[in-house]
Amino acid sequence: MELGIDLGTATTVVSDVRRGILYDEPTVMLVRRGSGRRERVLAVGREAAELLGRAPSRYASVRPLDDGVVTDLETTRTYLRAVLRAAGQRLWRLPVRAVVTVPAGSSALEHRALLEAAEEAGIRPVTALDEAVAGAVGCGIDPLERRVHMVVDVGGGRSEAVAFCYGGVLASRTSKTGGEEMTLAVARYLREQQQLLVGDLEAEALKVRLASAGDEPLVVQGRDGVTGRPRLATVPAAEVAGALRPVVDEVLRTLVPCLDDLPPQAIADVMGEGVLLFGGSSLVPGLPQELERALGLPVKCADEPLTCVAEGAARALRNRALLSAYGRR
Ligand SMILES: Nc1ncnc2c1ncn2[C@@H]1O[C@H](COP(=O)(O)OP(=O)(O)OP(=O)(O)O)[C@@H](O)[C@H]1O
């Protein structure tokens, strides 16, 4: 199997060179931790997310990444094994080689930890590639060109702006703010303005529904903050959007100065071509327009903002020149 693996803070996407997307589920697993015994995985991905808050107390939910970075080697290895099984590796019993993506702002130690966990999970050879470069490849850009390209990736745990050309990164900026902060902002708004307590899953679902709500009010279920009883609330879409605004502003404030590090010719290239935008949180209504205004440059949204990174990583696997220029070992 030749895989591109986008191991994101919120979502893990696995793409196979020939078969396309094999796995696209939340980055979470449910494990049983016994005294002295090894961790046993009860569920991974969507199934684990659905059991959050419902599973018996001897099970623990584990998220292997924090702000896009591996927190624990053993947990990440166990998680990757479970993902490969769910993606059908056991069925085919094929050796796996892969490109795994890492944030451009991750340190050598951080990406080495991910590579080590992947190797221990049986993925060999494995190369790390910046998410921004992989996403660009997934959208049909050739990062080996002389022309400068700039991409903005607004993900779950972090957001990045990266400019690159001719096999090298020219400038990058990282914000440890993304979709998860936006979800927290929605939950805070419901608690403070609507006196409604909701879990992370409900708050995230409300945030995602905003993209298709237009001006229609949104209905959300939770627990009344005063009586503790279940209650439905109808909230104006504009108020939910307003709750997201400070988080979006914070992301833009950190990413836009990436332009300051570029020479004038590079800006001219980006101006001609436009900035490519992807990542799940780029789907927040109005974000592309806000980014365009803040950068003063045209912004193009990826057709597949949630899967282009994994698809690009899988494609990069067969491009030796690209991997020797941008790959990290
Ligand atoms: N329609 C939508 N509107 C708003 N946010 C969305 C939408 N769809 C997905 N998201 C958010 O996108 C985020 C996941 O995006 P993505 O998969 O690009 O991030 P990731 O790769 O998991 O994280 P990171 O790159 O930060 O490690 C989640 O926070 C999710 O709530």
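Bear in mind that the values here come from a model prediction, so they are computed numbers and not experimental data.

Caption draft 1: The arrangement of the nonpolar core in detail. Ranked by size, the top nonpolar core spans 47 residues in total, and within it Met150, Leu190 and Leu295 carry the most contacts. Tallying contributions element by element places helix 8 (residues 237-255) first for this core, with nine residues. Among the domains, domain 2 (149-177 + 247-301) and domain 3 (179-244) are the pair contributing at least three residues each to this core. Once residues lying within four places of it in the same chain are set aside, the contact partners of methionine 150 are Ala161, Val162, Ala163, Cys258, Leu259, Leu262, Val270, Gly274, Val275, Leu276 and Leu295.

Caption draft 2: The pattern of salt bridges, seen in detail. Applying the stated criterion across every chain yields a total of 18 salt bridges. Here glutamate 145 ties to arginine 147 by a salt bridge, and the two come within 3.4 Å at their closest N and O atoms. In this structure, arginine 158 engages glutamate 160 in a salt bridge whose closest nitrogen and oxygen atoms are separated by 3.9 Å. We classify arginine 158 as buried; its relative accessible area is 8%. Taken together, the salt bridges that share partners define one network made up of Glu2, Arg97 and Arg318.

Caption draft 3: Layout of helix 7 (residues 200-213). For helix 7, which comprises 14 residues, the first-to-last C-alpha distance of 20 Å matches the rise-based estimate of 20 Å (1.5 Å per residue) to within 8%. Along helix 7, the residues classified as buried are Ala203, Leu206, Lys207, Leu210 and Ala213. Buried positions in helix 7, seen along its axis, are confined to an arc of 115° and lie on one side of it. Seen from the open side of helix 7, the exposed residues pointing more than 90 degrees away from its buried face are Asp200, Val208 and Ser212. On its buried side, helix 7 packs onto helix 6 (179-194), strand 15 (218-224), strand 16 (230-235) and helix 8. Looking one or two places after helix 7, you find glycine 214, whose phi comes out positive at around 60°.

Caption draft 4: Structural context of the site of the ligand. In the vicinity of the ligand there are 22 residues, among which Thr9, Ala10, Thr11, Glu204 and Lys207 approach most closely. Threonine 9 has a polar side-chain atom sitting 2.6 Å from an oxygen atom of the ligand. Bound to the protein, the ligand loses 93% of the 660 Å² it would expose on its own. Looking at the shell around the ligand, the elements with two or more residues in it are helix 6 and helix 7.

Caption draft 5: Quick look at the sheet that holds strand 17 (residues 275-278). Taken together, the five strands give an open sheet; going across it, the order is 13-12-11-17-18, and neighbouring strands pair in mixed fashion. Strands with a single pairing partner mark the edges of an open sheet, and in this sheet they are strand 13 (168-175) and strand 18 (299-301). Pairs of neighbouring strands in the sheet enclose a mean axial angle of 20°, with direction left out of account. Where strand 17 and strand 18 come together, three bridges link them in parallel fashion. Within strand 18, the residue paired with leucine 277 across the bridge is cysteine 301. Sheet strands touched by helix 5 (residues 131-138): strand 11 (149-154), strand 12 (159-165) and strand 17. Its angle to strand 17, the strand with the most contacts, is close to 100°. Strands strand 11, strand 12 and strand 13 of the sheet are contacted by helix 8, whose axis makes an angle of about 150° with strand 13.

Caption draft 6: Spotlight on the side chain of threonine 101. By the element assignment, threonine 101 lies in strand 9 (residues 96-102). Residues within four places of threonine 101 in sequence aside, it is in contact with Ile5, Asp6, Leu7, Leu114, Leu129, Glu131, Ala134, Val309 and Ala313.

Caption draft 7: Region of the structure containing the packing of helix 6 against helix 8. Here helix 6 crosses helix 8 at 135°, and the two axes come no closer than 9 Å. Viewed along their axes, helix 6 and helix 8 adopt a mutual orientation that is oblique. Here helix 6 and helix 8 pass one another in a crossing that is right-handed. For the pair helix 6 and helix 8, the contacting residues are Glu181, Met182, Ala185, Val186, Tyr189 and Gln194 in the first and Glu239, Val240, Ala243, Leu244, Val247 and Val248 in the second. Classifying every residue of the contact of helix 6 with helix 8 by side-chain character gives nine nonpolar, one polar and two charged.

Caption draft 8: Up close: the pairing of strand 11. Buried residues dominate strand 11, accounting for six of its six residues. By the bridge criterion, six bridges tie strand 11 to strand 12 in an arrangement that is antiparallel. Bridged to methionine 150 within strand 12 is alanine 163. Count of turn residues in the strand 11/strand 12 antiparallel hairpin: four residues. For strand 11 and strand 17, the ladder comprises three bridges, and the chain directions are parallel. Its bridge partner lying in strand 17, aspartate 153 is registered against phenylalanine 278.

Conventions and cut-offs
- Residues numbered from 1 in each chain as written.
- Predicted model: local features only at pLDDT ≥ 70, side-chain atom pairs only at ≥ 80, totals over all residues.
- Heavy atoms only, no water.
- Core = buried A, V, L, I, M, F, W, Y, C linked by side-chain atoms within 4.5 Å.
- Buried < 20%, exposed > 50% of the residue type's maximum accessible area, 1.4 Å probe, protein only.
- Helix = DSSP H or I, 4+ residues; strand = E, 2+ residues; numbered from the N terminus.
- Domains from an automatic or database assignment.
- Contact = heavy atoms within 4.5 Å.
- Salt bridge = Lys/Arg side-chain N within 4 Å of Asp/Glu carboxyl O.
- Expected span 1.5 Å × (residues − 1).
- Arc of directions from axis to C-beta.
- Near = heavy atom within 4 Å.
- Polar contact = N/O pair within 3.5 Å; in protein donor to acceptor, adjacent residues only side chain to side chain.
- Areas by Shrake-Rupley, 256 points an atom, 1.4 Å probe, with all protein chains shown as cover.
- Pairing = 2+ DSSP bridges.
- Axes fitted to C-alpha atoms, helices over the stretch in contact; angles between N-to-C directions.
- Parallel < 35°, antiparallel > 145°, perpendicular 65-115°, else oblique.
- Left-handed = near helix turned anticlockwise from the far one by under 90°.
- Nonpolar A, V, L, I, M, F, W, Y, C, P; charged D, E, K, R; others polar.

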